[in-house]
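Here is how the chains run, residue by residue.
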Amino acid sequence: MALLLLALLLILLGGTLALLLGRDEKLASWAGAGGAVLGALVGLVPALETLAGGPGTTLRLPWSLPLGGFVIGLDPLSAFFLVVILGLCALAAVYGTGYLRGHGRAGSAWFFFDALMASMALAVVARDAVLFLIAWELMTLSSYFLVVRDDEDESARQAGWTYLIAAHLGTAALLLFFGLLSRQAGSTSFDAFGPLDARLSGLAFLLSLAGFGVKAGFIPLHVWLPEAHPAAPSHVSAVMSGVMIKTGIYGLLRAWIFLGPPPAWWGWTLLGVGAVSGILGVLFALAQHDLKRLLAYHSVENIGIIALGLGVGLLGSAHGLPLVALLGFGGALLHVLNHALFKGLLFLGAGAVLNAAGTRDMEHLGGLLKRMPWTGACFLIASAAICGLPPLNGFVSEFLIFLGAFLAASHGAPWGPVAIGALALIGGLALACFTKAFGVVFLGEPRGERAAKAQEAPWSMRAPMVVLAGLCVLVGLGGALALDWVSPALSQVSGLRLEDFLPALEEALGPLQLITISACFFFLALAGLIALRSSLLAGRERGESGTWDCGYAAPSARMQYTASSFAQPLTELFAPFLCARERSAGPEGLFPERATFATETPDAFRERLYRPAFEGALKAAWKLRWLQHGRIQLYVLYIALTLMALLLWRLG
Amino acid sequence: MSFWVDALIVLVVLTNLRVLGASRLSACIRAVAVQGALLGLLPVLAHLDALTGRLLLQAAASTLLKAVVFPWLLARAVREASIQLEVEPFVGYTASLTAGLLFWGGAFWLGQRLPVPGAEELRLLVPTALFTIFVGLFLIVARRKALTQVLGYLVLENGIYTFGMAFAEKQPLLVELGILLDVFMGVFVMGITLYHISREFDHLDADRLSELRD
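Rules and cut-offs
Sequence order sets the numbering: in each chain, residues are counted from 1 along the sequence as written. Here chains are named by letter from A upward and ligands by number from 1 upward, in the order in which they appear as written. In keeping with the predicted nature of the model, local features appear solely for residues at pLDDT of at least 70, side-chain atom pairs appear and are counted solely at 80 or more, and the whole-chain, interface and lining totals rest on all residues. Only runs of H or I of at least four residues qualify as helices and only runs of E of at least two qualify as strands under DSSP, and these elements are numbered from the N terminus. Residues are treated as contacting if the C-beta atoms built from their backbones sit within 7 Å of each other. Domain delimitation in this document rests on an assignment produced automatically or drawn from a domain database. Per-residue confidence from the predictor is reported as pLDDT, which spans 0 to 100. Throughout this description, the term nonpolar core refers to a group of buried Ala, Val, Leu, Ile, Met, Phe, Trp, Tyr and Cys residues whose C-beta atoms join them within 7 Å. Put plainly, a residue is buried at 20 or more neighbouring C-beta atoms within 10 Å of its own, exposed at 12 or fewer, and partly exposed in between, counting only other residues' C-beta atoms, which are placed from the backbone. Two strands form a pair only when DSSP identifies at least two bridges running between them. Given a helix with a known number of residues, its expected span is that number minus one, times 1.5 Å. By arc we mean the arc of the directions from the helix axis to the C-beta atoms, nothing more.

Draft legend 1. A look at the environment of Arg127 of chain A. All names here are of chain A. With respect to the helices and strands, Arg127 occurs in the loop between helix H4 (106-125) and helix H5 (129-147). Through-space distance from the C-alpha of Arg127 to that of Phe70 is 8.0 Å; in sequence the pair is 57 residues apart. Setting aside its immediate chain neighbours within four residues, Arg127 contacts Thr58, Val71, Ile72, Gly73, Ser189 and Phe190.

Draft legend 2. The arrangement of the domain arrangement of chain A in detail. Taken as a whole, chain A is organised into domain 1 (263-490) and domain 2 (604-651). For domain 1 of chain A and domain 2 of chain A, the distance between their C-alpha centres works out to 44 Å.

Draft legend 3. Focus on the confidence of the model for chain B. Per-residue confidence for chain B gives a mean pLDDT of 77; residues scoring 70 or more make up 71%. Complex prediction metrics read pTM 0.82 and ipTM 0.78.

Draft legend 4. Looking closely at the nonpolar core. In terms of nonpolar packing, the biggest core is built from 220 residues, with Ile85, Cys89, Ala121, Leu345, Ala382 and Cys472 of chain A touching the most fellow members. The element that contributes the greatest number of residues to this core is helix H13 (residues 322-357) of chain A, accounting for 23 residues. Membership of the second largest hydrophobic core comes to 50 residues, among which are Ile9, Val19, Leu25 and Ala107 of chain B.

Draft legend 5. Quick look at the pairing of strand E4 (residues 596-600) of chain A. All names here are of chain A. Little of E4 sits out of view: just 0 of its 5 residues are buried. As paired elements, strand E3 (residues 581-585) and E4 share 5 bridges and run antiparallel to each other. Bridge pairing in E4 links Glu582 to Thr599.

Draft legend 6. Here's a closer look at the environment of Ala93 of chain A. All names here are of chain A. With respect to the secondary-structure elements, Ala93 resides in helix H3 (residues 76-99). A tally of 27 C-beta atoms within 10 Å means that Ala93 is categorised as buried. Counting along the chain gives 371 residues from Ala93 to Pro464, while the straight-line C-alpha distance between them is 9.1 Å. The contact partners of Ala93, leaving out residues within four places of it in the chain, are Ala33, Ala36, Val37 and Phe113.

Draft legend 7. Fine view of helix H1 (residues 2-21) of chain B. Residue and element names in this part refer to chain B. For H1, spanning 20 residues, the distance from its first C-alpha to its last is 29 Å, which sits close to the expected 28 Å at 1.5 Å a residue. Among the residues making up H1, those that are buried are Val5, Ile9, Val12, Val13, Thr15, Asn16, Val19 and Leu20. One side of H1 carries all its buried residues, which in axial view fall inside an arc of 155°. Among the exposed residues of H1, those oriented more than 90 degrees off its buried face are Phe3, Ala7 and Val10. Those residues of H1 that are buried are in contact with helix H2 (25-46), helix H4 (93-113), helix H5 (125-142) and helix H6 (146-165).

Draft legend 8. Region of the structure containing the environment of Ala204 of chain A. All names here are of chain A. Along the chain, Ala204 falls in helix H7 (residues 198-216). Look at Ala204 and you get buried, because 23 C-beta atoms sit within 10 Å. Each C-alpha atom, one on Ala204 and one on Leu180, is 7.1 Å from the other, the two residues being 24 residues apart in sequence. With residues up to four places along the chain from it excluded, the contact list for Ala204 reads Phe177, Leu180, Leu181, Leu196 and Leu259.

Now the structure itself:
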C-alpha cells in the first residue's frame, strides 16, 4: 500500500517537475517520462503481488473535505487494471520522449500525461465514491488538455469540446448512480455499498451503463472517441484507447459487484450493446481513410467484443451455467489486456508513421514497410493480433468468448448463436479493415512525396513498440497461462471459485492449445520456405521493379488501389448504415483533363442523432432569450428570489 | 458575556438599517466599516473563555480586511472615479427601511426554524446572519451604482461570515476558506470590474451595463 502511494507521488512529482522545467525540452521530458516509468515500476510491485494471490489491503488517510474519505485499496480486480494501466503508460512515456521531440510546449504535455496516468491509477484503486469521482474527473480533464494540445487547429478544439461534453454527461449519470447506492448505504464508502431492491437495481444498472459506457465508448455513446483520439498526440492516443476507455469497463465490473447477482436482462442488454458496438464500430472503421480515426473506430469495435464477453458472462451467471460465465468474463478480462497491448502498439505505430510522413491520411501513404521495417513489422503483428488470428493474443481472448458462446448454444441458450454470429461478423470485417490499413500504408509504392522520404523512427520510439509486439506474441503463445494469471480477478468478478472448475476449463481450453501449436507450425513452415527461397535465389541475378507494377508501360503510384477503393465493395454493401458522402466530377469529352473523386464518412450517430438533438436544445434555449436582458440588479433578484423560495420551502 | 455578544449583534442589526437608510455613499461605506469591526470583535467576545491563537488571528485578519482595507479602497474609488456622492436608489430610503424591517421579521421567523448545531447559546446569531444576507442582496438589487453593489456584496459576505461563526469551533477550516474566498471576490473581481466600468463608460451605473448585452 505504501508502495502504491509512493508510485502515485512519484508520477505526480515527475509531472510537476516537467511543468517547472518546461522551458528546457530535454529536461522536461526526462522528468515527465522518468516519473512515469519509476512510478510504474514501483506501483507494479504491489499490484503484481496482489494478483499473484497476495492479501487485499486498504488504506485510509485523513481527508479534510466534509464528504467522502481518502480510502484506497487493492484487490485482484483493481490490481489487474492497475497492471495494465501502469505498464502501457510507462511504455507510452518512453515513446513520448522521442515522439514529442521538437514539438514544443513539452512541460505541459508531460504534466498532463503524468496527471492522466496518476488519475487513472487512482480511479481503479479508489474505495470511496467521492474519491473515485474526483479521480474520474481529473482523468477527463487531464486527457482533455492533451486532446486540445494543438489548439490552433480548429478540429482539435472541436474534438475537445465534444469530448468534454460527452464526458460530463457521463459523469452526471455516475453521480446519480453513486447517489442511489450511497443513499441506501448511508455512506460513500465502497465497503458499505450493497444490493438495492429490484427496480432501483435495474435503474442503477442502466445509469452505470450510461455513465461508464460513455468513457468506454459503447455505441451510441462513442461519438467523442473518433474525434478525440486522432487529435491527441499519438502516445496519448495509445494510452486513451489502450487503457483509459477500459476504466469504463472497470467501473461496470465494480458496479456489478455492488449490485449483486445479475438478472438475465442485464446480460441481454450487454450482448446487444456489444454486438451493435462491435459491428458498427468496424464498419465505420472500414470507411475511414484517416489512419488514427480508423484505429479509434476499432477501439469501439473491441470495446464491443469486451461487452459481448461480459454479456455472455452475465447471461451465464443468470442462467446457472458457471463454465459459460467463467469463459465469458475470462475472455472479456483478457481482451482488456490484449486490446491494451495491440491497440497501444497500433497507435504508437501510427504515431511513428505520422512523424515520418507528416500525415495521417492513408491516401498519401504507402510503401513504408521498406522505409520503416521495424515499425512495419510491429504494426503487422498488432494488425494480425487485433483481427484475432492465431497464435497472437487477440485470438486467445476472442476464442474464450467464442467457446463460452458455443457452450451456451450447446445447452440450447438462444443467446449463444447471437454472440457467435456477431463475433464472427466482427472478426471477418476487422480482417478486411486491417488488410486495407496495413496494405495501403505499408505496401505498394508511396503515394506522396513525404511518404517517399520517410525514415525509421528513433530507438526511443521503436523500443516500446518492439516490447509491445513481443508481449502480443507471448500472451498469444501462453494463452492458458495468461488466463491463469487473471484468475483471481476473474473469480472476484464472476463470484465463482475457479478451483472448482479447473478440469472442465482445461478440457475446454484443449482446442486453444491445439490451434496455437498448429499456427506455430504454420509459421515455422513459412520460415522454412522463405529460407529455402533465399537459398535458391542466392547467387542468381534478380531484377527489381515497383510493387503492384501490373505490367503498365509507365506506372505511377496513383494507379494503385487506394484505401477507399479497397474498402468500396464492403462499404457499398453496408451503405445504409454509413451515411457516406461522395463528391465527384467525372471525366468529360474525348480528351478529359481533370476528374476528381472524394468520399467522406462522418459519424452516422453524430450526424443523425446528436446534431439534431443539440440543435433542438439550442433552439429551445433561444426562446429563453428574454430572460437575458443585461441588468445585473435583476439577475441578482432572480438568485435572491430562488434562495428565498428554497428556504421557505424547506423551513416553512 | 452573553450580554456583550447580544449588544454587539444588536449593533450589527442597526448598522444594516443605517446602510439601508443612508443617502450618501460615504455614510454607507462608514456603516459597512463599522459593521466589519463589530463582526471582527464578535468571535473574540463569544469565545472569551476559550481563546486560541488561531481564533485571534482569524478575528484580526477579518477586522483588518472588513473594517480598514475594503472601506479605504472603496472610499478611494469614490474619490478617484469622481462619482456623484448620492446613492441613487431604485427603491426609496423609507421604502428600503420598511423592507429592512420586514426582512428582520422574516429572518427571525426563519432563524427559529433553522436548526444550527452549536448556536443554542447564541440565539440571535442565525437571524442576524440571515438578515444581513437579505440586506446585502437587497442593496445589490435596489441600488443603481456599481459601487453600492460592491457594498452589497460586502454586506452579504458579512452575513455569511456571521453564519459561519456558529460553526467556527467545529469547522474552522471552512470558515477560513470562506474568508479567503471573500478576499478574492471582494478585491479582485469587483475592484477590477469597477475600474473597467469607470474607464469604459465614464460612469459607474450598473444598470446602464445593459448596453453591453448582445
